Amino acid sequence: MKINGHIDSHNHLAKVLGTAPDLLESWVPEAEAKGIGFFMQGGIDPDDWQRQIELQARFPNQIGLCFGVHPYFAASKTIDELDPILDQLARLLGQQQKRDTILAIGEMGLDFRPAYTEKGRDSQIHALETQIELADFTGLPMVFHIVQAHPEVERIFSLWAPKNKRGLLHSYSGSVEQSEFWTKQGFLISIGGPVCHEKNKKARKLAANLPLEFLTLETDSPDQPPPAYNKGENPPKTLWEVAKTIGELRNVDAEEILAISKQNFLRVFGRA
Ligand SMILES: [Zn+2]
C-alpha cells in the first residue's frame with residue numbers, strides 16, 4: 001500500500017459526495033496542499049458503500065474503503081430488516097476481487113444515547129455481533145464506534161473472543177483506563193476534533209497519556225469539528241488542528257505526531 005503524505009484515519013468524504021459533492025473540489029486539494037494524502041472512510045449502510053466506491057474511482061490513490069453497518073443505521077432497523085443487509089455486507093467482503101481494496105470492516109459498535117436505544121438497542125447489538133464474526137472470517141481490521149456503551153462493547157467483544165484483534169476505535173470517548181482494554185490487544189485509539197476543545201478534559205487526558213504506539217489521528221470530516229468550524233462543515237485539512245493540540249499536550253512536534261499516526265495506521269491496516 002503506497003500512501004503519499006499524512007493519513008486521516010477516519011472520515012466521511014463519501015457522505016460529502018452524496019450531500020455536497022462540489023465541496024470535495026476544494027477540500028481534497030486543500031488537504032493535499034497541507035501534506036494530507038489519504039482518507040480512510042467509515043462505513044454506514046449500503047448506499048454509503050456504493051458512494052465510497054464512487055469516491056475511490058474519483059480519487060484512486062487517496063481513499064481507503066471501509067464497509068460496515070453503523071450503529072445509527074442498525075438502530076433504525078429491526079433485526080429482520082438488518083439480516084439481508086448484513087448478508088449483503090458478507091457477500092461484498094467475500095468477493096476476493098473487492099477484498100483486495102477493502103481495508104476494514106465497520107463502523108461497528110454501540111451508541112447508547114437515548115435517540116438510538118429507544119427501539120434500536122437489540123438491532124445494534126445484533127449488527128455488532130455479526131460484524132465481529134465477519135471480521136474474524138475475513139481477517140479484516142475492525143473500525144469501532146462506541147458512545148456511552150464502553151462496558152457493553154467490551155463485554156460483547158470478550159464474549160465473542162475473536163482471534164482477529166486488529167483495528168481502531170474511532171473518535172474514542174472512553175477514559176485512559178478503558179482504552180487499555182483495547183491497546184492491550186493491539187488496537188489503535190483514534191483521536192479527532194473533540195480533543196481541540198479546551199473544555200474536553202477527558203479527551204485531553206487520554207491524548208496526553210495514551211502510549212504513542214497506539215495513537216492515530218482523524219477528522220471524522222464533515223463532522224466533529226475543532227472550535228473554528230461548524231458540524232457538517234469540517235474539512236479534512238483540520239487534521240492539523242488535531243495534531244497541533246496533541247503535540248502541545250505531549251510536547252512533541254505536530255508533524256512528528258502525524259508521522260507516528262501514519263506508521264501506526266500502516267502497521268494495522270497496511271498490506272504488503
Ligand atoms: Zn465516522
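Anything mentioned here points back to the structure above.
Residues numbered from 1 in each chain as written. Predicted model: local features only at pLDDT ≥ 70, side-chain atom pairs only at ≥ 80, totals over all residues.

Caption draft 1: Spatial organisation of the packing of helix H12 (residues 239-250) against helix H13 (residues 254-269). Running from amino to carboxyl end, H12 crosses H13 at an angle of 105°, the nearest separation of the two axes being 8 Å. Judged by the angle between their axes, H12 and H13 are roughly perpendicular. Counted together, Trp240, Ala243, Lys244, Ile246 and Gly247 of H12 and Ala254, Ile257 and Leu258 of H13 form the full contact between these two elements. Taken together, the residues of the contact of H12 with H13 sort by class into 6 nonpolar, 1 polar and 1 charged. (Axes fitted to C-alpha atoms, helices over the stretch in contact; angles between N-to-C directions. Helix = DSSP H or I, 4+ residues; strand = E, 2+ residues; numbered from the N terminus. Parallel < 35°, antiparallel > 145°, perpendicular 65-115°, else oblique. Contact = placed C-beta atoms within 7 Å. Nonpolar A, V, L, I, M, F, W, Y, C, P; charged D, E, K, R; others polar.)

Caption draft 2: Representation of unusual backbone geometry. A cis amide bond links glycine 106 to the next residue, glutamate 107, at an omega of 5°. With respect to the helices and strands, glutamate 107 occurs in strand E4 (residues 102-111). Proline 222 follows serine 221 through a cis peptide bond whose omega is 10°. Checked against the element boundaries, proline 222 lands in the loop between strand E8 (215-217) and H12. One non-glycine residue, glutamine 148, adopts positive backbone phi at about 50°. With a phi close to 40°, alanine 161 is a non-glycine residue in the positive phi region. Relative to the helices and strands, alanine 161 is located in the loop between helix H9 (150-160) and strand E6 (167-169).

Caption draft 3: Highlighting H9. Buried within H9 we find His150, Val153 and Phe157. For H9, the angular spread of the buried residues around the axis is 70°, confining them to a single face. For H9, exposure combined with an orientation more than 90 degrees from the buried face picks out Pro151, Arg155, Ser158 and Leu159. Each element contacted by the buried residues of H9 is listed here: E4, helix H8 (121-138), strand E5 (142-147) and helix H10 (176-183). (Buried ≥ 20, exposed ≤ 12 C-beta atoms within 10 Å, placed from the backbone. Arc of directions from axis to C-beta.)

Caption draft 4: Summary view of the sheet that holds strand E7 (residues 188-191). Taken in spatial order, the 8 strands line up as E1-E2-E3-E4-E5-E6-E7-E8 in an open sheet, and their pairing is parallel. Here the strands that pair on one side only, and so sit at the sheet edges, are strand E1 (6-11) and E8. Averaged over all pairs of adjacent strands, the angle between their axes in this sheet comes to 30°, without regard to strand direction. When E1 meets strand E2 (residues 36-41), the two strands line up parallel, connected through 4 bridges. Bridged to aspartate 8 within E2 is phenylalanine 39. Across the sheet, H12 lies against E1, E2, E7 and E8, angled at about 145° from E8, the strand it touches most. (Pairing = 2+ DSSP bridges.)

By themselves these figures say nothing about function.
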